[in-house]
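# Descriptive analysis of the structure
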Amino acid sequence: MPILSELKTDVELLLLEKALEDASNPRHIFEWHDYIQNWLKPTPENPREIAKRYVARAKGEKWVCEIRAVSADKTVSENIERIIDEHFPKLEAEKESALQLRKDFNELMLKWMDQTGGQSSLTNITSNINYLRIISLGKPVVPLIIEQLKIQPAPWFVALRAITGEMNVGKQFSGNFGKIAQAWIDWYNDDRENK
Amino acid sequence: VRLIPERENKWPYLFSEGYKVTSIETWDYNCIAFAADVEDEWWWPDPDGDAMWPIGKREVTKECFIEAFQFVGYSDHETCNGSLESGIEKIAIYLLNGIPTHAAKQLPDGRWKSKLGPWQDIEHNTTKAVEEYVYGKAVIFMKRKSRQLRIALSNFTPLSLPAPRDF
């Protein structure tokens, strides 16, 4: 992996970390996670490398396919882009698909919120056609729903149960959408760590 | 303070009847909880139990809503109306096609307060102000003694009467 060694300097690592930190569109977390894990494979006698590895792992929460757009440093962006092209040839197609999914999700969500806004009826809110269409998008929308739960605790819980099959998350917090939302966020984070 | 036009326009009588926004928007509570003076829970009889419901029966029927409000001290749904009565708190339950959709609570000055789903709280001059849209009409009214009166009565100790005399 010649390009890896090109990037493997402290300065570029820090810039890469910065780029990842700035990112806001979590995608391909696992690919990048494995990739960086190999890249930063620690040597037991080198605690600095171990520390970097853990920093990279922590930042994994925020890794993206749009790194090139968010990195302020063009050299790093271009290097990353080359790495993407070389090691993840499917990424472009996947990115297109991910962007389309996000667009569809956002459109449906806005319609859902507009059509059910002002209503108290959970029955109406969670049976709205746009909400049901979001459920029909399946597991790929789970990260997008979790993103929304971090912004506001809207009742995405029926959708999450329907998509994931997890029936008991947050059940003990009946009536408190904030706590139910946090339980789903915790479940999502645990689920990813266990994979 | 008014709602943004896209929201205000959902209720055809809102502006003409008079209202003002009194809170920020939040998913912390809804109109049903708000009418029961609860501001940290979403109340709805959803079968999955995501929402809080004060009684065991969970049905979106007017009977179930009446029982829920009876549980928190309201009564007289058959005779109560929306007029202002001294020392009395009232709630209004809105129905659309016979299905409960919304609840409002009367303020001490005769106006009403509502939480608009996850949107803001408002104070409105009449129950009509939030009729139509998906709320339908204010059909059921219930009442209970006001909080001050309930406290006063709970502290009231009746004077002891002399024992009945034997004749």
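Our subject is the structure listed above.
The notes below deal with the structure included here. (Residues numbered from 1 in each chain as written. Chains lettered and ligands numbered in written order. Predicted model: local features only at pLDDT ≥ 70, side-chain atom pairs only at ≥ 80, totals over all residues. Heavy atoms only, no water.)

## Topic: the overall build of chain A
In plain terms, the rule: For the purposes of this entry, the term helix denotes a DSSP run of H or I that reaches at least four residues, the term strand denotes a run of E that reaches at least two, and both are numbered from the N terminus. Accessible area is worked out with a 1.4 Å probe on protein chains only. A residue is then buried under 20% of its type maximum, exposed over 50%, and partly exposed in between. Two residues form a contact once any of their heavy atoms are found within 4.5 Å. Residue burial considers only the protein chains on display, and all accessible areas are found by Shrake-Rupley using a 1.4 Å probe.
A tally of regular secondary structure across chain A gives 12 helices and 0 strands. Burial statistics for chain A: of 195 residues in total, 46% are counted as buried. Partitioning the intrachain contacts of chain A with sequence separation of at least 6 by distance along the chain shows that 65% fall at a separation of at least 24. Accessible area of chain A: about 10,000 Å², with a carbon and sulfur share of 54%.

## Here we look at unusual backbone geometry
Residue and element names in this part refer to chain B. With phi around 55°, Asn97 is a residue other than glycine that occupies positive phi space. Examined against the element boundaries, Asn97 turns out to sit in the loop between β2 (88–96) and β3 (99–106). Its relative accessible area of 74% is what places Asn97 among the exposed residues. Non-glycine residue Glu132 carries a positive phi angle of around 70°. Here Glu132 is to be found in the loop between β5 (121–124) and β6 (137–145).

## Some thoughts on the environment of Lys145 of chain B
Mapped onto the secondary structure, Lys145 of chain B falls in strand β6. For Lys145 of chain B and Ser86 of chain B, which are 59 residues apart along the polypeptide, the C-alpha to C-alpha distance reads 9.1 Å.

## A look at the interface of chain A and chain B
For clarity, the cut-off: When a carboxyl oxygen of Asp or Glu is within 4 Å of a side-chain nitrogen of Lys or Arg, the pair counts as a salt bridge. Between N or O atoms, a polar contact is any pair within 3.5 Å; within protein, one atom must be a potential hydrogen donor and the other a potential acceptor, and residues adjacent in sequence are included only when both atoms are from side chains.
In this assembly, 24 residues from chain A lie in contact with 27 residues from chain B. Where chain A meets chain B, there are 3 salt bridges. Across the pair Asp114 of chain A and Lys10 of chain B runs a salt bridge, and its minimum N-O distance is 3.8 Å. Put simply, chain A and chain B have 15 residue pairs in polar contact (both at pLDDT 80 or more) between them. Elements represented by at least two residues in the side of chain A that touches chain B include exactly α7 (91–116), α8 (122–125), α11 (157–164) and α12 (177–194) of chain A. A per-element tally of the side of chain A that touches chain B places α7 of chain A first, with 4 residues.

## Considerations on the packing of helix α9 (residues 129–136) of chain A against α11 of chain A
All names here are of chain A. Applicable threshold: Fitting a line to C-alpha atoms yields each axis, with helices limited to the stretch in contact; the angle taken between N-to-C directions then spans 0 to 180 degrees. Note on angle classes: values under 35 degrees are labelled roughly parallel, values over 145 roughly antiparallel, values of 65 to 115 roughly perpendicular, and the remainder oblique. For any helix crossing, the convention is left-handed if the near helix is rotated counterclockwise from the far helix by under a right angle, and right-handed if that rotation is clockwise. Classes in brief: Ala, Val, Leu, Ile, Met, Phe, Trp, Tyr, Cys and Pro nonpolar; Asp, Glu, Lys and Arg charged; the others, Gly included, polar.
Viewed as axis vectors pointing N to C, α9 and α11 meet at an angle of 30°, and their least axial separation amounts to 9 Å. Classed by the angle they form, the pair α9 and α11 counts as roughly parallel. By crossing handedness, the relation of α9 to α11 is classed as right-handed. Contacts between α9 and α11 involve Tyr131, Ile134 and Ile135 on the former and, on the latter, Phe157, Val158, Ala159, Ala162 and Ile163. Partitioning the contact of α9 with α11 into residue classes produces 8 nonpolar, no polar and no charged.

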